[in-house]
Amino acid sequence: MAPVKVTMEVGTDGVAVITIFNPPVNALAIPIIAGLREKWTEATMRNDVKAIVLTGNGGRFSGGFDINVFQKVHATGDTSQMPDVSVDLVVNTMEDGKKPAVAAIEGLALGGGLELALGCHARIAAPRAQLGLPELSLGVMPGFGGTQRLPRLIGLSKAVELMMTSKPIMSEEGKKLGLIDAIVPSSELLKVSRQWALDIAERRKPWMRSLHKTDKIGSLSEAHEILKVAREQVKQTAKNMPQHMACIEVIEEGIIHGGYNGVLKEAKVFKDLVLSDTSKGLVHIFFSQRATSKVPNVTDIGLKPRTVKKVAVIGGGLMGSGIATALALSNTIVILKEINSEFLQKGTKAIEETYEEVSYITANVRGLVARKKLPQDKADKALSMVKGALDYSDFKDVDMVIEAVIENVPLKQKIFSEIEKVCPPHCILATNTSTIDLNIIGENTTSKDRIIGAHFFSPAHIMPLLEIVRTEKTSAQAILDLMSVGKAIKKVPVVVGNCTGFAVNRTFFPYSQGAHILVNLGVDVFRIDTQIASFGLPMGPFQLQDLTGYGVAVAVGKEFCSAFSDRTFKSPLIDLLIKSGRNGKNNGKGYYIYEKGSKPRPDFTVLPIIEESRRLANIMPGGKPISVTDQEIVEMILFPVVNEACRVLDEGILVRASDLDVTSVLGMSFPSYRGGIVFWADTVGAGHIYRSLKKWSELYGNFFKPSRFLEERATKGIPLSAPSSTSSVSRSRM
Ligand SMILES: C[C@H](O)CC(=O)SCCNC(=O)CCNC(=O)[C@H](O)C(C)(C)COP(=O)(O)OP(=O)(O)OC[C@H]1O[C@@H](n2cnc3c(N)ncnc32)[C@H](O)[C@@H]1OP(=O)(O)O
């Protein structure tokens, strides 16, 4: 392992270059902070040092404070492990020190890394360096003085935006905003920074302490207005999270009582936030997401991913065109195959339209082109990467095929037999099925080692998760190649085993089932949706069903009913809705009323249909609606999900429990600040979940019956996330 250290070299010009060494991102680990303090003190005391340049080794300035320390604080509850950086190092030693300092920034300066640079007296950057304060995305806030110095350098409005969104900007924008003093090529970064530092020492350039600046923060009343708007937005966008409001209050403190008081308050509130459940959840997700790229016997056996230049996508429907778009945007040559020219035209047009939508979501392609975020030529190039096809003639040199036709077993089997013959022997044969067993799809082929699931989530060009499904025969090379393609198209690939619904849909099938049981037990449909949305999912199960369409609910429901007949509930409601001419958002008639330009409104004319469903289901005890608290509503829907997660873990479908946390957040929009489904379940406690499910199973039936895994963990007091020593089903699935 490369050494973690801070070095100092003093040149004949009298400039001390202090360099951070902590690959891969030069995180500010505790020894690095101690090293910075030591070298800075030495530089200040040495007579041959006139000025200081701070930089990071290996082309990256710093990715911020070491997030591993947060994990240690979370485990122990002891915040004294966090050193005093903001006052002792950044204010006293650096900013108010006797020698001027310049930050030489390359690659990235994020979080505490950028904050160290803000404590220097000037900042010189290489082109396209990333600058940002993403701390809120970890449930904390800038803690090395960033809440005070950033507004003083770039203005309150922009600083608040950068902190609230956690999004980085490029050094070019930083230069325009006043965050960066000059942009120079990487090769000249150190030379220019040294000269700049000497120019400050010799008073040819201003010796600027950003904490003392006031010219960019405007009047008190202007600041008040900006912070008022920010608070309103946060109420909408960051429900259930404390760090956004806390950060605004700390910024305000500095505006009213001065930057130094702001720094003091920042340090205090930071320590409170670091102990919050929100920070625990978000830090857990940060590390869990990175852990998904480590798959035993795949990524640790010396294999190298092969180049995948050309991919064929079979089926130009919603999923196929989304997948093709994601590939084309990342410069992969795509052959989009359909069965006739009408469908093909529809598919390629969808890519163009989807492409427009991509840009719409990030504020439209033209806007991106205008703001130089997506150059016009890149946009045109992506579209030129896609070629339509009606036969297999273009498949002879493809590196991967992704089949994305309707969920029909004979059709998929026919396609796999055909592609096995026409594609080169190295070609990976992937299917985007969301439910069908891969062994059945590949039954008639002799290429089982290259058959793999590439399960994208709709819309495929936007949703970040790629569930990679392997059978016991899939080769490690095929898995590694698909992981590498997934990363290239900016997805988070998670490798899972083969079973009905795979990891994500299987874990979450009880979500809508639980909601339907509750409705048929007499609980109001809109109350259920409100409670689930307040818990933190983007919408409740019924609004979601409106969005995905009832056809999907029926098809998916059938699959699960046949695979897990012991624990499925056949709700009469969906069939009744379809019979009465409703199909959700699709035809504007569902549980809600959909009108252009306004939020969905409850449609109370659906209530008699629900009454009819209750009559047919006949599960209300004594024929009367049950009485439940708001918390019970959430639990009766989410605990069965946890129960299924337990079975998935028990069967070894995933490499580790935290993979399910990542998939629940990225695939099902489970709130990331709750750390994902298993992490959340452990904060609630396996014992409470087990006892509740047991009680409900006695009252309302087998759907709620606790799994063996949950019962064992609850009775032995073992967290659900703890690794299994043995599993009840053979791990050969993986
Ligand atoms: C007091 C202060 O205000 C508080 C703070 O500074 S909090 C920290 C603020 N900084 C951040 O939030 C940045 C977090 N990091 C990132 O966003 C990304 O890692 C990055 C943009 C820096 C680099 O991305 P990328 O090149 O894709 O590499 P990525 O795989 O994410 O990270 C590489 C490794 O560095 C680690 N790492 C990245 N940033 C880290 C950090 N700040 N602390 C500790 N480890 C870090 C990752 O865990 C990963 O480790 P692994 O290889 O063992 O899995």
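Residues numbered from 1 in each chain as written. Predicted model: local features only at pLDDT ≥ 70, side-chain atom pairs only at ≥ 80, totals over all residues. Heavy atoms only, no water.

An unreviewed UniProt entry lists the chain under the name 3-hydroxyacyl-CoA dehydrogenase, from Solanum bulbocastanum.

Novice: Give me the lowdown on the sheet that holds strand S6 (residues 122–125), citing residues and values where you can.
Specialist: Reading across the sheet, the six strands line up as S1-S2-S3-S4-S6-S9 and stay open at both edges, with mixed pairing between neighbours. At either end of the open sheet lies a strand with only one pairing partner, and these are strand S1 (5–10) and strand S9 (182–183). In terms of strand pairing, strand S4 (residues 101–105) meets S6 through four bridges, oriented parallel. Among the inter-strand pairings, Val102 is bridged to a residue of S6, identified as Ala122. The strands touched by helix H8 (residues 189–201) are strand S2 (15–21), strand S3 (51–56), S4, S6 and S9; relative to S3, the strand with the most contacts, the crossing angle is about 150°. (Pairing = 2+ DSSP bridges. Helix = DSSP H or I, 4+ residues; strand = E, 2+ residues; numbered from the N terminus. Contact = heavy atoms within 4.5 Å. Axes fitted to C-alpha atoms, helices over the stretch in contact; angles between N-to-C directions.)

Novice: So what's going on with empty space enclosed by the protein? Which residues, and what values?
Specialist: Under the defined criterion, the tally for this structure stands at three cavities of 30 Å³ or more. As a volume, the largest cavity reaches approximately 50 Å³. Lining the largest cavity are Leu438, Asn439, Gly442, Lys448, Ile451, Thr471 and Lys473. (1 Å grid on protein atoms, 1.4 Å probe; cavity = no way out; pocket = protein on both sides within 12 Å on 5 of 7 lines; lining within 4 Å. Points joined across faces, edges and corners; volume = space filled by probe spheres on them.)

Novice: A description of the pattern of salt bridges should follow, citing residues and the corresponding values.
Specialist: Counted by the stated rule, this structure contains 39 salt bridges. Between Lys280 and Asp277 there is a salt bridge; the shortest N-O distance is 3.9 Å. Residue Lys280 and its partner Asp277 are both found in helix H12 (residues 277–291); the two are separated by three residues, about one turn of the helix. The class for Lys280 is partly exposed, based on a relative accessible area of 27%. Of the charged contacts, one joins Glu403 and Lys412 as a salt bridge, the two residues approaching to 2.7 Å between their closest N and O atoms. (Salt bridge = Lys/Arg side-chain N within 4 Å of Asp/Glu carboxyl O. Buried < 20%, exposed > 50% of the residue type's maximum accessible area, 1.4 Å probe, protein only.)

Novice: Tell me about the site of the ligand, residues and numbers included.
Specialist: Surrounding the ligand, one finds 27 residues, the nearest of these being Gly112, Glu115, Glu135, Arg290 and Lys294. Within the backbone of Gly63, one N or O atom sits 2.9 Å away from a nitrogen atom of the ligand. The contact in question runs from an oxygen atom of the ligand to an N or O atom on the side chain of Glu135, over 2.6 Å. Relative to its unbound accessible area of 990 Å², the ligand is 74% covered by the protein chains. (Near = heavy atom within 4 Å. Polar contact = N/O pair within 3.5 Å; in protein donor to acceptor, adjacent residues only side chain to side chain. Areas by Shrake-Rupley, 256 points an atom, 1.4 Å probe, with all protein chains shown as cover.)

Novice: I'd like a rundown of the environment of Asn331, residues and numbers included.
Specialist: Position of Asn331 relative to the elements: it lies in the loop between helix H13 (318–329) and strand S11 (333–337). Residue Asn331 is classed as partly exposed on the basis of its relative accessible area, which comes to 38%. Once residues lying within four places of it in the same chain are set aside, the contact partners of Asn331 are Lys381 and Met385.

Novice: Could you give an account of the nonpolar core, naming the residues involved and the relevant values?
Specialist: Phe395, Ile419 and Tyr591 are the most contacted members of the largest nonpolar core, which totals 95 residues. With 12 residues, the top contributor of residues to this core is helix H26 (residues 630–650). Ranked by size, the runner-up nonpolar core spans 78 residues in total, among them Leu131, Val140, Leu150 and Leu179. (Core = buried A, V, L, I, M, F, W, Y, C linked by side-chain atoms within 4.5 Å.)

Novice: An account of the environment of Trp196 is requested, with residue identities and associated values reported.
Specialist: Of note, Trp196 is situated in helix H8. You can call Trp196 buried: its relative accessible area is 18%. Sequence-wise, Trp196 and Gly155 are 41 residues apart; in three dimensions their C-alpha atoms are separated by 24 Å.

Novice: Describe the packing of helix H20 (residues 502–520) against H26, listing the residues and the values that go with them.
Specialist: Packed helix pairs are characterised by how far apart their axes lie and by the angle those axes make with each other. Relative to each other, H20 and H26 sit at 150°, their axes nearing to 8 Å. Classified by the angle their axes make, H20 and H26 are roughly antiparallel. Along this stretch, H20 crosses H26, giving a crossing that reads as right-handed. Residues Arg506, Thr507, Phe508, Phe509, Pro510, Tyr511, Gly514, Ala515 and Leu518 of H20 lie in contact with H26, whose contacting residues are Ile633, Met636, Ile637, Leu638, Pro640, Val641, Glu644, Ala645, Arg647 and Val648. Per-class residue counts for the contact of H20 with H26 are 14 nonpolar, two polar and three charged. (Parallel < 35°, antiparallel > 145°, perpendicular 65-115°, else oblique. Left-handed = near helix turned anticlockwise from the far one by under 90°. Nonpolar A, V, L, I, M, F, W, Y, C, P; charged D, E, K, R; others polar.)

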